[in-house]
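Tertiary structure, described
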Amino acid sequence: QVQLVESGGGLVQAGGSLSVSCAASGLTFSQYRMGWFRQAPGKEREFVAALSRSGGITDYADSVKGRFTISRNNSKNTVYLQMNSLTPEDSAAYYCAADYAPTSAITTRVRYGYWGRGTQVTVSS
């Protein structure tokens, strides 16, 4: 079965950087579009970033554009989220998600059928 396992979360000071990863198994990784979402306590889950199957097309929420970078390594079945210039408002559980789309060349913000369990990112002020 498809499994997504996030790692790399932790505590960082405001203005700092952190990178989180998501290792996928049980799937042909290159057939899946990938995304990152986050959810802070008391808030709804929100879209953060998305990546096409090839990694050539990206999409970002306005709140992270210019600070976060999503990427993937199809040979390692892994998707990454590099986060720079972090603020306390970025504190949340970060989830990766996968969408089976073997013929798609673009990203999606909504169509994800598989989810990881999340990794916590906390930014101190």
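Above this text is the structure in question.
Residues numbered from 1 in each chain as written. Predicted model: local features only at pLDDT ≥ 70, side-chain atom pairs only at ≥ 80, totals over all residues. Heavy atoms only, no water.

Turning next to the pairing of strand β11 (residues 119-124). Of the two faces of β11, only the one carrying T119, V121 and V123 is buried; Q120, T122 and S124 on the other face are not. Pairing of strand β2 (residues 10-13) with β11, which is carried by four bridges, proceeds in the parallel orientation. By the bridge assignment for β11, Q13 is matched with S124. Relative to β11, strand β9 (residues 92-100) runs antiparallel, the two sharing three bridges. Among the inter-strand pairings, Y94 is bridged to a residue of β11, identified as T119. (Buried < 20%, exposed > 50% of the residue type's maximum accessible area, 1.4 Å probe, protein only. Helix = DSSP H or I, 4+ residues; strand = E, 2+ residues; numbered from the N terminus. Pairing = 2+ DSSP bridges.)

The pairing of strands in a sheet happens through backbone hydrogen bonds and is either parallel or antiparallel. The strand order across the open sheet formed by four strands is β1-β3-β8-β7, and the pairing between neighbours is antiparallel. Edge strands, defined here as strands with exactly one partner in the open sheet, are β1 (3-7) and β7 (68-73). On average, each strand axis in the sheet is tilted by 15° relative to the strand beside it, whichever way the strands run. Relative to strand β8 (residues 78-83), strand β3 (residues 18-25) runs antiparallel, the two being bridged by six bridges. Looking across to β8, one finds that A23 is bridged to T78. (Axes fitted to C-alpha atoms, helices over the stretch in contact; angles between N-to-C directions.)

What follows is about the state of the cysteines. Within the structure shown, the criterion is met by one disulfide. Two residues, C22 and C96, share a disulfide whose sulfurs are 1.9 Å apart. Placement of the pair is C22 in strand β3 and C96 in strand β9, with a sequence separation of 74 residues. For the pair formed by C22 and C96, the shared burial category is buried. (Disulfide = S-S within 2.5 Å.)

Turning next to the side chain of S21. By secondary structure assignment, the location of S21 is in strand β3. Once you skip the residues sitting within four places of it in the chain, S21 turns out to touch V5, E6, S7, W36, T78, V79 and Y80. (Contact = heavy atoms within 4.5 Å.)

Below, the discussion takes up the nonpolar core. Soluble globular proteins tend to bury their nonpolar side chains together. By size, the foremost hydrophobic cluster in this structure holds 35 residues, and its most contacted members are W36, V79, L81, M83 and Y94. Mapped by element, the contributors of at least two residues to this core are β3, β4 (32-39), β5 (46-51), β7, β8, β9 and β11. The contact partners of V79, leaving out residues within four places of it in the chain, are V20, S21, C22, F29, M34, W36, L51, I70, S71, R72 and C96. (Core = buried A, V, L, I, M, F, W, Y, C linked by side-chain atoms within 4.5 Å.)

The final tally for this structure, using the stated rule, is six aromatic pairs. Summarising the aromatic geometry, the rings of Y32 and Y100 are spaced 5.3 Å apart at their centres and angled 55° between planes, so their arrangement reads as tilted. Of the two residues, Y32 is situated in strand β4 and Y100 in strand β9; the sequence distance between them amounts to 68 residues. Residue classification places Y32 among the buried residues on the basis of a relative accessible area of 8%. Taking the centre distance of 6.1 Å and the plane angle of 65° together, the rings of Y32 and Y114 count as edge-to-face. Of this pair, Y32 sits in strand β4 while Y114 sits in strand β10 (residues 114-115), and the two are 82 residues apart along the sequence. Owing to a relative accessible area of 34%, Y114 belongs among the partly exposed residues under this scheme. Three or more aromatic residues joined by ring pairs make a cluster, and in this case those are F37, F47, Y112 and W115. Positioned above the aromatic ring of F37, the side-chain terminus of R45 is 5.9 Å from the ring centre. (Phe/Tyr/Trp six-rings, centres within 6.5 Å; stacked < 30°, edge-to-face > 60°. Lys NZ or Arg CZ within 6 Å of the ring centre and 35° of its normal.)

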